[in-house]
Amino acid sequence: MPTLLIVHHTPSPSMQVMFEAVVAGAGDPELAGVTVIRRAALSATAADVLGADGIVLGTPANIGYMSGALKHFFDTVYYPCLDATAALPFGYYVHGNQGTEGAVRAVESITGAMRWRRVAAAVVVQGEPVKKEIESCRELGATVAAVALG
């Protein structure tokens, strides 16, 4: 059964809303057959990534960069997954109160170095997420799950 891995750092109410929308999209009944695994960034392992057919990443923008938790995730999985996960379909979402550009740049840079394949537009939110942005998170989860399903 295809597996979608959601790796997230969810320290705020806004991140929680976005995370729940991604999970809801990935769990859409039309996508029956995809197993959705949720892992906090500090708990996700290389084995999780190696077992995934698609991945969604979620991070706050902290002081102009991705969260330390997501950076730790990448540090942990980089070498064990580098060659084995080339072309892994992925998408991501970022929330910040200001200055999300550095977090976006960091995620794009690392996933590019890992040769992952972005299959959905990034969802980048500044301030409290509004209905349209929450729906974009839902679509993000559904899109990456659909690609993982094949």
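Presented here is an overview of the structure given in this document.

Here is what the cut-offs are and how they apply
Residues numbered from 1 in each chain as written. Predicted model: local features only at pLDDT ≥ 70, side-chain atom pairs only at ≥ 80, totals over all residues. Heavy atoms only, no water. Buried < 20%, exposed > 50% of the residue type's maximum accessible area, 1.4 Å probe, protein only. Helix = DSSP H or I, 4+ residues; strand = E, 2+ residues; numbered from the N terminus. Pairing = 2+ DSSP bridges. Right-handed = clockwise from strand over helix to strand, strands pointing away. Polar contact = N/O pair within 3.5 Å; in protein donor to acceptor, adjacent residues only side chain to side chain. Contact = heavy atoms within 4.5 Å. Phe/Tyr/Trp six-rings, centres within 6.5 Å; stacked < 30°, edge-to-face > 60°.

1. Notes on the pairing of strand β7 (residues 123–126)
Residues in a regular strand project their side chains so that they alternate between the two faces of the sheet. Of the two faces of β7, the one lined by V123 and V125 is fully buried and the one lined by V124 and Q126 carries no buried residue. Two elements, strand β5 (residues 89–96) and β7, share 4 bridges in a ladder whose sense is parallel. If you follow V94 over to β7, its bridge partner there is V124.

2. Thoughts on the pairing of strand β1 (residues 3–8)
Along β1, 6 of the 6 residues are buried, which leaves the element largely enclosed by surrounding structure. Residues T3, L5 and V7 of β1 are buried on one face, and the alternating residues L4, I6 and H8, pointing to the opposite face, are buried as well. In terms of handedness, the path from β1 via helix α1 (residues 13–26) over to strand β2 (residues 35–40) forms a crossover that is right-handed.

3. Some thoughts on the side chain of T59
Topologically, T59 is positioned in strand β3 (residues 54–62). Note on T59: relative accessible area 1%, which makes it buried. A polar atom in the side chain of T59 sits 2.9 Å from the backbone nitrogen of S67. Once residues lying within four places of it in the same chain are set aside, the contact partners of T59 are H9, M15, M66, S67, L70, Y93, V94, H95 and V107.

4. Digging into the environment of A41
Tracing the backbone shows A41 in the loop between β2 and α2 (46–50). Residue A41 is classed as buried on the basis of its relative accessible area, which comes to 2%. On a C-alpha basis, the gap between A41 and V7 in space is 5.3 Å, while along the polypeptide they are 34 residues apart. Setting aside anything within four residues of it in sequence, one finds A41 in contact with V7, H8, H9, A69, L70 and F73.

5. Some remarks on the packing of aromatic side chains
Within this structure, the stated rule accounts for 5 aromatic pairs. Pairing Y78 with Y79 gives two aromatic rings, centres 4.9 Å apart and planes at 90°, and the pair type is edge-to-face. By relative accessible area, Y78 is classed as partly exposed at 23%. The class for Y79 is exposed, based on a relative accessible area of 68%. Grouped by ring-pair contacts, the aromatic residues F73, F74, F90, Y92 and W116 constitute a single cluster.

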